[in-house]
Amino acid sequence: MYASRKYWAIAWVLVLPALIIRVFTTIYPIIETFRISLYEVKLLRGIREFVGFGNFIEMFQDSKVIASIEFTAIFVAGSMIGHIVLGIALALILNMKFAGQKVLRTIVLLPWAMPMVVIAMASKWAFNNEYGLINDFVRWFNPNFSLDWLIHTNTARYAVIAVDLWKDLPFFAILVLAGLQFISAEMYEAAKIDGAGHVRSFFSITLPLLSRNILMLSIFFTMWRITSFDVVYAMTSGGPGESTALIAYRVTTEAFTNLNTGYAAAIAVVLFLVMALLSGLSMSAAKRVDY
Amino acid sequence: MTTQNPRPLPLTLLMWGLALIVAFLILFPLWWIFISSITPAGELFSKPIKYWPDHPTLASYRYLIENVGLLPKIWDTAIIVGLSILIGMIVSVMAAFSFARFRTRGLAVAVGFLLASMLIPDVVTARPLYDFLRSVHLYDTYTGLIILYISGILPFTILILQNYLNDIPVSIEESAAIDGCGFYQSLIYVTVPLLRPALATVCIVNFITCLNNFFTPLFYSNGISVLSTAITQLPLRDNMYAVPWDLVSAMGWIIIVPIIVFVAIFQRQIMEGIMAGGVKG
């Protein structure tokens, strides 16, 4: 029906608004990012000169950039291990059949629906040593407990990862749950007849059948984490020192606070290339894992 | 269906125990934000922490309305989110229809481009986009923000609608044509109504996405202030506890309450939307 020539123009007219919007908000600016990454642009001092790969060479000697790459790696690894282990556990809990199931699933949706900034701002308060919720809770068990979470490098990092998990792990679990529901009940019954217990059927049926689903989810969640920004913006401002400055936070600080536009663009280019490489690799890996 | 043995009591208790722990971990922080929002600033800094204030007060909320301009912020948020969703849906339906019903090489490239553009992170394009918006006078305007919000929801929305359209047989549109329906009539009167369930789902998910958008209003607006950024822009106090936690909590709770209500009402559609947009296993 729609094969005739007449419809060719209509097809493009329908697509055009979406294409134009995306070109102006993604394609045009990313080309600009690549271009200005080759310039030294310091808006504060009115400098603008071509430096070739100078920005790139500079960034790999810049302790701030290295610190942010380091924390981004820790953040992604820590958060993803948490997501996968606890996410599967939570998905199994959500999959239990009991009277409160529906209510529990609704509750679990809440963190997903909330803005990260609100959670991050509240966390900053919750992790306060004297007046915060977290330590007050710990003091039920150990009355002498005292720790300023956000003042020390390691504990600040744990805190940021914990907040990230609180917000996104339920969402991860819901998506794992979606995968769980594709596994037929007959499989478990057959396993039961063969004498497999709950633990055995989890490792022999559930996990293998979920592996593709979990791999794909992990890829997407990893991508989102590599470009995370708001948790650190609102919770620690990258501190103490530079210890929680995620790479995305570093880029925006250089671009909008220090007004080192060219330098920020260079970091952004590397970030983009890493993302592109990772997605390419993971997509081809995902094709191989197939059940 | 095989008959189920009644579940042993310890297992039932374990289930409820786990469920309660999960519910507690999620709900308690939200409750605590509420408590903080009705606690007078002085009492917030008392030890041990009070889980119910001695003198509950709505002073923080009143302060937000009278001195921080809460109502204009709600208005800005409503305009931007509302128009973004509405226009975004129209643009997405058009594109999804075209992608689902016409097959040419050019369109296949266009789809590929739309999907690939999802890979470009906000931070990577932020500065050039900021400069561009300034140069065309769209910085800090409703138009500029709405365009950016729409751009954010387009790929996901088109993807879901296109998947849904692929499952609707073309023959329905063909029979409409035989009955004398023109092309646009059949699109508006036949196809769009069939899309209604998918539209509802996408609309709900987009509502949350737009409401929670923080990056866009943070970097591309200044005077126009939406709720998500407003919480980081509350006036600091000049005492030792410079961050006004009572106001932050109140602002947080104002943002959270509608979301809780919304999630409770649309729980089913949200689940479906998330799962449809999620990874196909």
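Residues numbered from 1 in each chain as written. Chains lettered and ligands numbered in written order. Predicted model: local features only at pLDDT ≥ 70, side-chain atom pairs only at ≥ 80, totals over all residues. Heavy atoms only, no water.

### Notes on the overall build of chain B
Reasoning step 1: For chain B, the count of helices and strands is 13 helices and zero strands.
Reasoning step 2: Listing the helices and strands of chain B from first to last along the sequence gives α-α-α-α-α-α-α-α-α-α-α-α-α.
Reasoning step 3: Seen along its three principal axes, the alpha-carbon backbone of chain B occupies a region of about 75 × 70 × 35 Å.
Reasoning step 4: Here chain B holds 281 residues, and the buried ones make up 49% of them.
Reasoning step 5: Considering only contacts in chain B between residues 6 or more positions apart, those separated by 24 or more positions represent 72%.
Reasoning step 6: If you average the places of the 14 positive and of the 14 negative side-chain charges in chain B, the two averages end up 6 Å apart. (Helix = DSSP H or I, 4+ residues; strand = E, 2+ residues; numbered from the N terminus. Buried < 20%, exposed > 50% of the residue type's maximum accessible area, 1.4 Å probe, protein only. Contact = heavy atoms within 4.5 Å. Lys, Arg positive; Asp, Glu negative; His and termini not counted. Charge placed at Lys NZ, Arg CZ, Asp CG, Glu CD.)

### Side note on the state of the cysteines
Reasoning step 1: Taken as a whole and assessed by the stated rule, the structure comprises zero disulfides over all chains.
Reasoning step 2: Sulfur of C203 of chain B: no disulfide; nearest cysteine sulfur belongs to C210 of chain B and is 9.4 Å away. (Disulfide = S-S within 2.5 Å.)

### Here we look at a nonpolar patch on the surface
Reasoning step 1: A contiguous nonpolar surface patch, about 940 Å² in accessible area, is contributed by F137, W140 and F141 of chain A together with L11, L14, L18, I21, F24 and L25 of chain B.
Reasoning step 2: Counting residues per element, the ones that place at least two in the nonpolar patch are α6 (133-141) of chain A together with α1 (9-37) of chain B.
Reasoning step 3: It is α1 of chain B that contributes the most residues to the nonpolar patch, six residues altogether.
Reasoning step 4: Along the chain, L14 of chain B falls in helix α1. (Patch = residues over 30% accessible without salt bridge, like charges linked within 9 Å, V, L, I, M, F, W, Y side chains within 5 Å. Areas by Shrake-Rupley, 256 points an atom, 1.4 Å probe, with all protein chains shown as cover. Salt bridge = Lys/Arg side-chain N within 4 Å of Asp/Glu carboxyl O.)

### With respect to the interface of chain B and chain A
Reasoning step 1: Across the contact, 96 residues belong to chain B and 89 residues belong to chain A.
Reasoning step 2: Counting across the chain B and chain A interface gives zero salt bridges.
Reasoning step 3: Our enumeration of links across chain B and chain A arrives at ten residue pairs in polar contact (both at pLDDT 80 or more).
Reasoning step 4: A total of 16 residues in the side of chain B that touches chain A trace back to one element, the largest contributor, which is α1 of chain B.
Reasoning step 5: Class assignment for the residues of the side of chain B that touches chain A results in 71 nonpolar, 19 polar and six charged. (Polar contact = N/O pair within 3.5 Å; in protein donor to acceptor, adjacent residues only side chain to side chain. Nonpolar A, V, L, I, M, F, W, Y, C, P; charged D, E, K, R; others polar.)

### A closer look at helix α9 (residues 183-194) of chain B
Reasoning step 1: Helix length check: α9 of chain B (twelve residues) gives 16 Å between terminal C-alpha atoms against 16 Å at 1.5 Å per residue, within 8%.
Reasoning step 2: When we look at burial in α9 of chain B, the residues that qualify are F183, S186, L187, V190 and T191 of chain B. End-on, the buried residues of α9 of chain B take up no more than an arc of 125 degrees, which puts them together on one face. More than 90 degrees from the buried face of α9 of chain B, the exposed residues found are I188 and Y189 of chain B.
Reasoning step 3: In this fold, the buried residues of α9 of chain B make contact with α1 (6-36) of chain A together with α4 (70-101), α7 (142-166) and α8 (170-178) of chain B. (Expected span 1.5 Å × (residues − 1). Arc of directions from axis to C-beta.)

### A look at the packing of aromatic side chains
Within a pair of aromatic rings, the relevant descriptors are the distance that separates the centres and the angle that separates the planes.
Reasoning step 1: Throughout the structure, instances matching the rule amount to 40 aromatic pairs over all chains.
Reasoning step 2: With a centroid separation of 6.1 Å and an interplanar angle of 90 degrees, the aromatic rings of F34 of chain A and F272 of chain A are classed as edge-to-face. Taken together, the positions of F34 of chain A in helix α1 and F272 of chain A in helix α12 (residues 261-288) put the pair 238 residues apart, joining distant regions of the chain.
Reasoning step 3: Feature note: the residues F229, Y233, Y249 and F256 of chain A together with Y130, Y139, F214, F215 and F219 of chain B constitute an aromatic cluster, connected by ring pairs.
Reasoning step 4: The side chain of R48 of chain A reaches across the aromatic face of Y39 of chain A, ending 5.4 Å from its centre. (Phe/Tyr/Trp six-rings, centres within 6.5 Å; stacked < 30°, edge-to-face > 60°. Lys NZ or Arg CZ within 6 Å of the ring centre and 35° of its normal.)

### Some words on unusual backbone geometry
Residue and element names in this part refer to chain A.
Reasoning step 1: Cis geometry marks the peptide bond from G239 to P240, where omega comes out at 0 degrees.
Reasoning step 2: Note on placement: P240 falls in the loop between α10 (230-235) and α11 (247-257).
Reasoning step 3: For S237, which is not glycine, the phi dihedral falls at a positive 50 degrees.
Reasoning step 4: On the secondary structure map, S237 appears in the loop between α10 and α11.
Reasoning step 5: We note that L259 has phi near 55 degrees; this positive angle belongs to a residue other than glycine.
Reasoning step 6: Looking at the secondary structure, you find L259 in the loop between α11 and α12.

### Focus: the side chain of N129 of chain A
Reasoning step 1: Take N129 of chain A: it is sitting in the loop between α5 (116-126) and α6.
Reasoning step 2: Setting aside anything within four residues of it in sequence, one finds N129 of chain A in contact with N135, R139, S146, L147 and D148 of chain A.

### Digging into the confidence of the model for chain A
Reasoning step 1: When pLDDT is averaged across chain A, the result is 90; 97% of the residues are at 70 or more.
Reasoning step 2: Looking over chain A, one finds the lowest element-wise mean pLDDT in strand β2 (residues 47-50) of chain A, namely 84, and the highest in helix α3 (residues 63-95) of chain A, namely 96. (pLDDT = per-residue confidence, 0-100.)

### Details of the pattern of salt bridges
Two side chains bearing opposite charge may form a pair once their charged atoms approach each other closely.
All names here are of chain B.
Reasoning step 1: Summed over all chains, the structure comprises eight salt bridges over all chains.
Reasoning step 2: A salt bridge links D131 to R127, with the nearest nitrogen and oxygen atoms 3.2 Å apart. Residue D131 and its partner R127 are located together in helix α6 (residues 122-135), separated by four residues, close to a single helical turn.
Reasoning step 3: Residue class for D131 comes out partly exposed when judged on its relative accessible area of 32%.
Reasoning step 4: Judged by its relative accessible area of 9%, R127 is buried.

### Regarding the environment of W125 of chain A
Reasoning step 1: For W125 of chain A, the location among the structural elements is in helix α5.
Reasoning step 2: Residue W125 of chain A is classed as buried on the basis of its relative accessible area, which comes to 2%.
Reasoning step 3: Residues in contact with W125 of chain A, not counting those within four places in the same chain, are Y131 and G132 of chain A together with W32, S36, L44, F45, W245 and S249 of chain B.

### Brief notes about the side chain of S68 of chain A
Residues and elements named next belong to chain A.
Reasoning step 1: Structurally, S68 is set in helix α3.
Reasoning step 2: Here the side chain of S68 touches V65 through a polar contact of 2.7 Å, landing on its backbone oxygen.
Reasoning step 3: Not counting residues up to four positions away in its chain, the partners in contact with S68 are A245, L246, I247 and R250.

### Some points on the confidence of the model for chain B
Reasoning step 1: Scored by pLDDT, chain B comes out at a mean of 89, with 95% of its residues at no less than 70.
Reasoning step 2: Per-element averaging of pLDDT across chain B places helix α2 (residues 41-44) of chain B at the bottom with 82 and helix α11 (residues 215-220) of chain B at the top with 96.

### Side note on the pairing of β2 of chain A
Residues and elements named next belong to chain A.
Reasoning step 1: Pairing of strand β1 (residues 39-42) with β2, which is carried by four bridges, proceeds in the antiparallel orientation. Each bridged residue has a counterpart across the sheet, and for E40 the counterpart in β2 is E49.
Reasoning step 2: Connecting the antiparallel pair β1 and β2 is a turn made up of four residues, with G46 showing a positive phi of about 65 degrees. (Pairing = 2+ DSSP bridges.)

### Details of α1 of chain B
Residues and elements named next belong to chain B.
Reasoning step 1: With 29 residues, α1 should reach 42 Å at 1.5 Å per residue; the first-to-last C-alpha distance of 41 Å fits that figure.
Reasoning step 2: Along its length, α1 shows its largest kink, about 30 degrees, at L27, and proline P29 lies within four residues downstream of that point.
Reasoning step 3: For α1, the complete set of buried residues consists of M15, A19, V22, A23, I26, L30, W32, I33, I35, S36 and S37. (Bend = angle between axes of the 7 residues up to and from the residue.)

### Here's the deal with the packing of α3 of chain A against helix α4 (residues 101-113) of chain A
Reasoning step 1: One can describe the packing of α3 of chain A onto α4 of chain A by two numbers: an axis separation of 9 Å at closest approach and a directional angle of 145 degrees. Across the interface between the two elements, I93, L94 and N95 of chain A of α3 of chain A pack against Q101, L104, R105 and V108 of chain A of α4 of chain A. (Axes fitted to C-alpha atoms, helices over the stretch in contact; angles between N-to-C directions.)

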